[in-house]
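# Observations on the three-dimensional arrangement
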Amino acid sequence: MTQLLVERFETMPSQLKLAARFVLDHPQEVALISMREQAQRAGVSHSTMMRLARWLGLEAYEDMRALYAQALREPGAKSAAKPAEAVETPSVAEDGQGYSTVSATTDMLAAQVARLGEYTSAMQHVAVADILIGARRVYCLGLRSEQVVATHFSRLFSLFDDRGTLLDAAAKGEVDALRHAGPGDVMLVVGMAPYARATVEVARRAAKRGVTIVAITDSRVSPLARLARASVIVTVESHSFFRSVTPALAAAEILIALIAQRSGVDVKEAMRAVEQHLSEYDVYWTPSR
């Protein structure tokens, strides 16, 4: 069902796309909450959810819910407990110290990062890492809040591999950097909704040049996932007003660990060389003697 939704996504009317994206991004909720509540969260009418089921060849939306409920009962599936994202956060005024806010936020982040270790997500990481390992050159791109993720990945990658280039599309720095890019090269693109226009446009231009795109993004039907050969899907849910980049940062670090391990890099030796180099340039602060 998931693959069918992805395949038919681009041909769907706009309202059905909203419903389909909710189903793809929140599979547990499809099985656990009512169709009307799902419609409300997706920003569509309940009749749109029913039309989505018929679009997929099902008699009713309950048939879709039954399929997702069955998936939850399969071995290795997550517990049907209420997801961490839905935990109510007491206000600071209620507890006086803000402890509940801190506790609920850390619980959410821990659950989000833990889900990256589930089988489907783990295989996404492995697929992306293997593509990056085989690259002639690796370009890293992320803008706005995702820039920190791309920068973090690029810096860690540079500790043991010199094939990486960090792009700054906002400053048009990709123009020269991508001049010789083509088949054999790979671009890791980081982007979550609302997607930065420059991120999508640079990724599209790179793809036209034959560069393989891989992504850290928030949906299987995001514009970056649809360009990518392989993607790691993360959540951006947050208790507060901002989108969380913590799961994306964790995904970047997992990719680095996989690349180092699967490419046979002697990380300890690489780090010794890096530390020696930085020491020679007196990069780190040391106590005065």
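Higher on the page you've got the structure.
Criteria and thresholds
Residues numbered from 1 in each chain as written. Predicted model: local features only at pLDDT ≥ 70, side-chain atom pairs only at ≥ 80, totals over all residues. Heavy atoms only, no water. Pairing = 2+ DSSP bridges. Helix = DSSP H or I, 4+ residues; strand = E, 2+ residues; numbered from the N terminus. Axes fitted to C-alpha atoms, helices over the stretch in contact; angles between N-to-C directions. Contact = heavy atoms within 4.5 Å. Salt bridge = Lys/Arg side-chain N within 4 Å of Asp/Glu carboxyl O. Buried < 20%, exposed > 50% of the residue type's maximum accessible area, 1.4 Å probe, protein only. Right-handed = clockwise from strand over helix to strand, strands pointing away.

## Here we look at the sheet that holds strand β1 (residues 138–142)
Spatially, β2-β1-β3-β4-β5 is the arrangement adopted by the 5 strands of the open sheet, whose pairing is parallel. In the strand order of this sheet, the two ends are held by β2 (164–166) and β5 (230–233), each with one partner. Ignoring which end each strand starts from, the neighbouring axes of this sheet average 15° apart. As judged from the 5 bridges shared by β1 and strand β3 (residues 186–191), these two strands associate in the parallel manner. Each bridged residue has a counterpart across the sheet, and for leucine 141 the counterpart in β3 is valine 189. Helix α10 (residues 147–158) contacts β1, β2, β3 and β4 (212–217) of the sheet and is inclined by roughly 155° relative to β1.

## Digging into the pattern of salt bridges
Overall, the coordinates contain 12 salt bridges when judged by the stated rule. Measuring nitrogen to oxygen at the nearest pair gives 2.8 Å for the salt bridge that ties aspartate 130 to arginine 262. Taken together, the residues span a long stretch of sequence, with aspartate 130 in helix α9 (residues 119–133) and arginine 262 in helix α14 (residues 246–262) at a distance of 132 residues. Take aspartate 130: its relative accessible area is 35%, and that puts it in the partly exposed class. Judged by relative accessible area, which is 41%, arginine 262 ranks as partly exposed. A salt bridge links glutamate 146 to arginine 243; the shortest N-O distance between them is 3.2 Å.

## As for the pairing of β3
Burial within β3 is extensive, with 6 of its 6 residues counted as buried. Burial of the side chains of β3 extends over both faces: Val186, Leu188 and Val190 are buried on one face and Met187, Val189 and Gly191 on the other. Here 6 bridges tie β3 to β4, and the two strands are oriented parallel to one another. In the strand pairing of β4, leucine 188 is matched with valine 214. Since β3 and β4 lie parallel, the crossover through helix α12 (residues 197–208) that links them has a hand, and here it is right-handed.

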